Amino acid sequence: MIYLPFLIALWLGRTIFGLIMRRSPWPDPIDICASYLIGIGVCSCLAFIQILCWHHYEPSILNGLTIFSILSLALINRNIQFHHINSPPKYDLHWPIMASLLIIAGVTLAFFVFNNPYGDWDAWSLWNFRASFLAASGEHWKDLYTHSIQAKHPWLFPYWILFTWSWGGGITTATPCLNTFFLSLILPVLVICGLREWKVPFSLALLAGAWFISMPYFYYHGASQYPDIMITCFLTIGMIFIMRVINNTENGPSFFYLLGLLMGFMLLTKDEGLIIYMLLLLTLCLSASGKTIYWKRLFLPLAFILPFWIAQKIWMIPAPAGENQIYFGHLVNRYRYVYIVKYYLHMLFNKKMGNLFFIPLMFFVSLFGKNLRNSYPKALIIFLAGFIIFFFLLYILVKENLPWRLWTTVYRLEYQIMPLSVMLLFNLFSSISKPSTRS
Amino acid sequence: MNYCRKNLFLFIVFFTFGIIIGRNFLYILSAPPYLYWGSPSPPGKTYLPLRHYLEKTLMAGFWSNITLPNPDVDTNFMFQFQRAQFALTPTLLDHYTPLKHQYIVTFVGDIPVAKVGQRINADLVLKLNDHIALFKNRAFKE
């Protein structure tokens, strides 16, 4: 029973994927992950609609609404002819190795997740707490947006947890645990298969996956039940899809609906989702020059997403005085720059981060590769540089207590870009090891 | 890059990352399974590292010997605590966020409301307020 909401999300996402792309996501692992993530977004929107229309949480109505959506989509989908079928993957020794890596990651992750059934600090005091508030608050559900702490976030994540409770047989800690488990396990799949899409040799992609799942932080943060895991999935898959556009592997008009939908759900997940959305747009603009970009189709999914976002923003109370305010006078304070750089380095050298200091080191070494001049992954570098610079500037300007701000946020931002950093590094390795095109 | 240099480069990459991956997994095996931020642990619970479970499994030879905790066991404990939060929010919630975490663990353990099935009443709210006062004093002194 507790697996049912996840299967429903996958089924709904798969159907919507089929409607948009006119093909099944099977057997491409990235497309399957994309379907699941779309399903999560849609299910949480269903939970939101149920509460909005009935003024309180009612599991039976939400379940009915879900069944109605499933049946409607199935009826529509029945009349659509899939004009393209994915070719089956070529099975070789690499796939069992990948499966073994996922099993190792799964067992270790299960150990950490089920030893922390309530998740980390923000999970039990904010995100899951809001979900339980939605479940128990009755007609006062809108107070969700007026509790002062962290009221700035749009709350897609608690609505999704609520959906899992609705189908999972009641309020339980098991479904948030399973949710974080599945979402975390998506990340190594995206790292390995994403690298494969970028023509990185399978052996190097597997090494990248093995390194990724060996990072203690992957498990520590994976068990935290934070929505950063969800936003990391959306971000990673968004970047993989942008690379598809750049590499011309998939750039049909309908593909941009899918990309827009996946990027749009970031707006509903966390407040920094908006920043990441803008950065991804910027990356697309700067790195896909000469390619056909269907902007209207990219922005059309926002017509579905923005009403949810705007409604939640309207109900929110303004942030308490002093919170999220910026002060431009900090720009001339060189101690802040030094402090932030030191903190960044401290995080990179942290043992729990799995010795991430190898990233800048290897990146530096990679720059000397002669083959990189023409084949470096421009889009990834643009995004990651934009991400790091933006948040660095934000830390410089932020008015509130800087050490506290860094202490509570940097590790989460680092997690969000961890898969893309690993992918960038191994993409560079692959570019270096390719035979030189020059005589 | 020629064939020889390419293989040397790949060897260095695999060798380096092999060591890093090995070290990371050794750390994971012996690391405590609770989070470093101090998530609320059920009282009286003893945490053991992953290595303990693996050794136990290998020696016994049965997966069934792995005794992962069932999250549902303590569900009521946590949700009773959260209902206490509802009774006092947003005041109580405001007090939590920026302060020390370790105290919360004992704080949760000390709350009478943490017992399964207990209902929130005025006396309990008063006790909670006492706890908050104590909590604030201690946190500010630190």
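For every chain, the first residue of the written sequence is number 1, and numbering continues from 1 along that sequence. Lettering for chains starts from A, numbering for ligands starts from 1, and both go in the order in which the items are written. This being a predicted model, a pLDDT of at least 70 is required before a residue's local features are given, and a value of 80 or more before pairs of side-chain atoms are given or counted; all residues contribute to the totals for chains, interfaces and linings. Excluded from the side-chain calculations are hydrogens and water; all other atoms, namely the structure's heavy atoms, are used.

This part is about the overall build of chain A. Numbering goes from the N terminus for both helices and strands, where a helix is a DSSP run of H or I of at least four residues and a strand is a run of E of at least two. On a plain count of helices and strands, chain A comes out with 19 helices and zero strands. Whether a residue is buried, partly exposed or exposed follows from its accessible area with a 1.4 Å probe, protein chains only, as a fraction of its type maximum: under 20%, in between, or over 50%, in that order. Counting over 439 residues, chain A shows a buried share of 61%. By definition in these notes, contact holds between two residues if any of their heavy atoms fall within 4.5 Å. Intrachain contacts of chain A at a sequence separation of at least 6 include 82% that bridge at least 24 residues. Where accessible areas are quoted, they stem from the Shrake-Rupley method and a 1.4 Å probe; at the residue level, only the protein chains shown are allowed to cover. Accessible area for chain A stands at about 16900 Å²; split by element, carbon and sulfur atoms hold 68% of it.

With respect to the helices and strands, the residue Ser430 of chain A is situated in helix α19 (residues 402–433). Those residues in contact with Ser430 of chain A, other than ones at most four positions away along the chain, are Lys199, Val200, Pro201 and Leu204 of chain A.

We now examine the pattern of salt bridges. All names here are of chain A. A pairing counts as a salt bridge when a side-chain nitrogen of Lys or Arg comes within 4 Å of a carboxyl oxygen of Asp or Glu. This model, assessed by the stated rule, comprises eight salt bridges over all chains. A salt bridge links Arg244 to Asp31, with the shortest nitrogen-to-oxygen separation between them at 3.1 Å. In this pair, Arg244 sits in helix α10 (residues 228–246) while Asp31 sits in helix α2 (residues 29–54), placing the two residues 213 residues apart along the sequence. The salt bridge partner of Lys270 is Asp228, with a shortest N-O separation of 3.1 Å. A residue pair is termed long-range when its members are at least 10 positions apart, and Lys270 in the loop between α11 (253–269) and α12 (272–287) and Asp228 in helix α10 qualify at 42 residues. Across the pair, exposure class does not vary: Lys270 and Asp228 are buried alike. It is possible to trace a salt-bridge network through shared partners that takes in Arg23, Asp28, Asp31, Glu197 and Arg244.

A few words now on the state of the cysteines. For this text, the term disulfide refers to a pair of cysteine sulfurs within 2.5 Å. Under the counting rule described, the total for this entry stands at zero disulfides over all chains. Cysteine Cys177 of chain A shares no disulfide, and the gap to the nearest cysteine sulfur, in Cys233 of chain A, comes to 17 Å.

Here the focus is the confidence of the model for chain B. Residue and element names in this part refer to chain B. Looking at chain B as a whole, the pLDDT averages 53, with 26% of positions reaching at least 70. Mean pLDDT in chain B bottoms out at helix α5 (residues 102–110), which sits at 31, and peaks at helix α1 (residues 3–30), which reaches 85. Contacts from residues 36–43, a stretch scored under 50 in pLDDT, to residues over four places away or in other chains number 28 contacts. Contacts for the low-pLDDT stretch residues 61–122, under 50 throughout, to residues beyond four places or in other chains number 127 contacts. Taken together, the chains of this predicted complex give a pTM of 0.84 and an interface ipTM of 0.84. Within a predicted model, pLDDT stands for the predictor's per-residue confidence, ranging from 0 to 100.

To form a nonpolar core, buried Ala, Val, Leu, Ile, Met, Phe, Trp, Tyr and Cys residues must be joined to one another through side-chain atoms within 4.5 Å. Residues Tyr159, Phe218, Phe241, Phe383 and Phe426 of chain A are the most contacted members of the largest nonpolar core, which totals 167 residues. A total of 17 residues in this core trace back to one element, the largest contributor, which is α19 of chain A. In this structure, Phe426 of chain A is in contact with Leu195, Val200, Leu204, Leu207, Ala208 and Trp211 of chain A together with Phe17 of chain B, ignoring residues within four places of it in sequence.

A separate point is the environment of Asn116 of chain A. Structurally, the position occupied by Asn116 of chain A is in the loop between α4 (94–115) and α5 (121–136). Residue Asn116 of chain A is classed as buried on the basis of its relative accessible area of 2%.

The next point concerns the packing of helix α1 (residues 4–21) of chain A against α11 of chain A. All names here are of chain A. Every axis corresponds to a line fitted to the C-alpha atoms, with the helix fit spanning only the stretch in contact, and the corresponding angles, defined between N-to-C directions, vary from 0 to 180 degrees. Where α1 meets α11, the closest approach of the two axes is 8 Å, and the angle between their N-to-C directions is 145°. The segment α1 lies against α11, with Ile16, Phe17, Ile20 and Met21 engaging Ser254, Phe255, Tyr257, Leu258 and Leu261. Gly is put with the polar residues, along with every residue not named as nonpolar or charged; the nonpolar set is Ala, Val, Leu, Ile, Met, Phe, Trp, Tyr, Cys and Pro, and the charged set is Asp, Glu, Lys and Arg. Looking at side-chain class alone, the contact of α1 with α11 contains eight nonpolar, one polar and no charged residues.

Mapping Phe218 of chain A onto the fold places it in helix α9 (residues 216–222). Expressed as a C-alpha distance, the spacing of Phe218 of chain A and Tyr415 of chain A, which sit 197 residues apart in the sequence, is 7.9 Å.

Our focus in this paragraph is the packing of helix α8 (residues 202–214) of chain A against α19 of chain A. Residues and elements named next belong to chain A. The interhelical angle for the contact between α8 and α19, taken along N-to-C directions, is 150°, at an axis separation of 10 Å. One finds that α8 runs roughly antiparallel with respect to α19. As α8 packs across α19, the resulting crossing turns out to be right-handed. For the pair α8 and α19, contact is made by Leu204, Leu207, Ala208, Trp211 and Phe212 and by Met418, Pro419, Val422, Leu425, Phe426, Phe429, Ser430 and Ser433, respectively. Partitioned by chemical class, the residues of the contact of α8 with α19 number eleven nonpolar, two polar and no charged. Any angle between 65 and 115 degrees counts as roughly perpendicular, while under 35 counts as roughly parallel, over 145 as roughly antiparallel, and the rest as oblique. Crossing chirality is assigned from the near helix's rotation relative to the far helix, an anticlockwise turn below a right angle marking it left-handed and a clockwise turn marking it right-handed.

Let us now look at the environment of Ile38 of chain A. Residue and element names in this part refer to chain A. With respect to the element layout, Ile38 can be found in helix α2. Distance in space between the C-alpha atoms of Ile38 and Leu190 is 15 Å, their sequence separation being 152 residues. Each residue touching Ile38, except ones within four places of it in the same chain, is listed here: Gly13, Ile16, Leu258, Leu261, Leu262 and Phe265.

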